[in-house]
Amino acid sequence: MNFSAQDEQYMRQALSIARQGTALASPNPRVGAVIVTPSGEVAGTGFHTYAGVKHAEVLAIEQALQAGERTRSATLYLNLEPCSHQGRTGPCADALIAAGIKRVVAAMQDPNPQVAGHGFAKLRAAGIQVEIGLLEPEARKLNEAFARFITAKRPLVTIKSGMTLDGKIAPPPGETPLPATPSAGGTTGGWITSEEARAHVQELRHESDAIMVGVGTVLADDPLLTDRTGRKRRRPLLRVVVDSRLRMPLDSRLVKTAKDDVLVLCSFAEEKKRRALEDRGVRVEQIPLGSSDGRPDFNEIALRLGQLEITSLLIEGGALVNWTALACGMADKVFLYYAPKILAGMGSVPFAAGAGFSKMSDAALVKDISLHRFGEDFAVEGYLRDPYAESAAGNISGKQISAEQVSAERVPATKEEKA
């Protein structure tokens, strides 16, 4: 389908408006709408927030109607298919028909099975011209977490890590921090990556509903795990700790700052410690065992977070948590930051520490790679599975790795994880 330069301009505006719903729309998708009159004037815009209830296209219609009948014969640009079912609001497709919209240009079909094509069909049945596919790749990326959540009932899981060029996330345990090293961001001190890269991590946190580490990271680094962008969120970033036997220190910064936004997932809940954590505002839940080693099942964790309407999870754990998420097939994508440094050494901590995949054909395959630059650092963003394709739990290569193959030793986190 041929789209004009003007069509692309307004769709880019719709996508930009949709991004204003980041951290405000979840568990719903981020949607932006732009209504353009036949004379080429923007008559109304809107973006969806979950708390605001009304959908983007309805808000755009209301804004356009405030200035008169400016929706008649207008074109609506929208990054996602209008809904056609009754939910918390009425069908948006009906609202567009009633408003007299003549043409709808949408970036993509809604991955929600309740909508998926039905909205477009209703519009076409009413005589509205519908055109689909403009800037679809950008639209799909914007709502990949929603797609994973709505089709698989579990969050999009991203493993984030900062490392040296040779894949090390920390010096040998017990060694002194990395010395001050000049970089594009200035002196980095003990940090592996630059200030620019670490600032971007906060952007990833802001886009996520939850962040997860293992209790080993809490014991070693006492992190806060907060979203420090300063931008609004509909709900706090859920701070999740995998803690098999409730070793979480009561004087940790996570516990001290807990306001129903810290969730500890354990295999065995000693009642006295559980009550002590809950009395301090920490939520504690038991998760079925992943194996005889006493660790919670990571895929059960994903399913539980899905039940809590967590659409996106950022894993910032150490080497063992990274390996476990890869080995059990929980992870959907990676965002790996690399600094121009080489640690080397047998004792330095690798990105993922465990049994590893035994054959190259079993290795986790990262696809659809994008590269990002942060000063002298760079990052690799890629996918282990298509967020738009529902898939059963299991190893990415198709061969499940048992939890018995994951080393039980504590592997230190990096300084990137201390924040």
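Residues numbered from 1 in each chain as written. Predicted model: local features only at pLDDT ≥ 70, side-chain atom pairs only at ≥ 80, totals over all residues. Heavy atoms only, no water.

A. Focus on the overall build of the chain. Of the regular secondary structure elements, the chain holds twelve helices and 18 strands. Relative to its 419 residues, the chain shows a buried fraction of 54%. Excluding contacts between residues fewer than 6 apart, the proportion of contacts in the chain whose partners are at least 24 apart in sequence is 74%. For the chain, the exposed area adds up to about 17700 Å²; of that, 52% sits on carbon and sulfur atoms. (Helix = DSSP H or I, 4+ residues; strand = E, 2+ residues; numbered from the N terminus. Buried < 20%, exposed > 50% of the residue type's maximum accessible area, 1.4 Å probe, protein only. Contact = heavy atoms within 4.5 Å. Areas by Shrake-Rupley, 256 points an atom, 1.4 Å probe, with all protein chains shown as cover.)

B. How the structure looks around the packing of aromatic side chains. Inspection of the entire model under this criterion finds five aromatic pairs. Their ring planes at 65° and their centres at 5.1 Å tell us that Trp323 and Phe357 sit as a pair that is edge-to-face. Here Trp323, found in helix H12 (residues 319–327), pairs with Phe357, found in the loop between strand E16 (349–350) and strand E17 (367–374); they are 34 residues apart in sequence, far enough to count as distant. An aromatic cluster of at least three residues, connected via ring pairs, comprises Phe335, Tyr337 and Phe374. Above the face of the Tyr388 ring, Arg140 is positioned so that its terminal group lies 3.9 Å from the ring centre. (Phe/Tyr/Trp six-rings, centres within 6.5 Å; stacked < 30°, edge-to-face > 60°. Lys NZ or Arg CZ within 6 Å of the ring centre and 35° of its normal.)

C. Representation of the environment of Gln307 within the structure. The topology assignment puts Gln307 in helix H11 (residues 298–307). Note: C-alpha distance between Gln307 and Phe149 (158 residues apart in sequence) is 9.8 Å. A polar contact of 3.0 Å, which involves the side chain of Gln307, links it to the side chain of Arg304. (Polar contact = N/O pair within 3.5 Å; in protein donor to acceptor, adjacent residues only side chain to side chain.)

D. Looking closely at the packing of helix H3 (residues 92–99) against helix H4 (residues 118–125). In contact at an axis separation of 9 Å, H3 and H4 are set at 20° when each is read in the N-to-C sense. Comparing the axis directions of H3 and H4 gives the class roughly parallel. Seen along the crossing, H3 lies across H4 with a hand that is right-handed. When H3 is examined against H4, the residues Ala93, Asp94, Leu96 and Ile97 are found in contact with a partner set consisting of Gly119, Lys122 and Leu123. Taken together, the residues of the contact of H3 with H4 sort by class into four nonpolar, one polar and two charged. (Axes fitted to C-alpha atoms, helices over the stretch in contact; angles between N-to-C directions. Parallel < 35°, antiparallel > 145°, perpendicular 65-115°, else oblique. Left-handed = near helix turned anticlockwise from the far one by under 90°. Nonpolar A, V, L, I, M, F, W, Y, C, P; charged D, E, K, R; others polar.)

E. How the structure looks around the pattern of salt bridges. As enumerated under the stated definition, the model contains 23 salt bridges in all. For Arg233, the salt bridge is made with Asp227, and the minimal N-O distance between the two is 2.9 Å. An identical accessibility class is assigned to Arg233 and Asp227; each is buried. Put simply, Lys141, Glu144, Lys333 and Glu381 are held in one network by salt bridges that share partners. (Salt bridge = Lys/Arg side-chain N within 4 Å of Asp/Glu carboxyl O.)

These results come straight from atomic positions and should not be treated as a statement about function.
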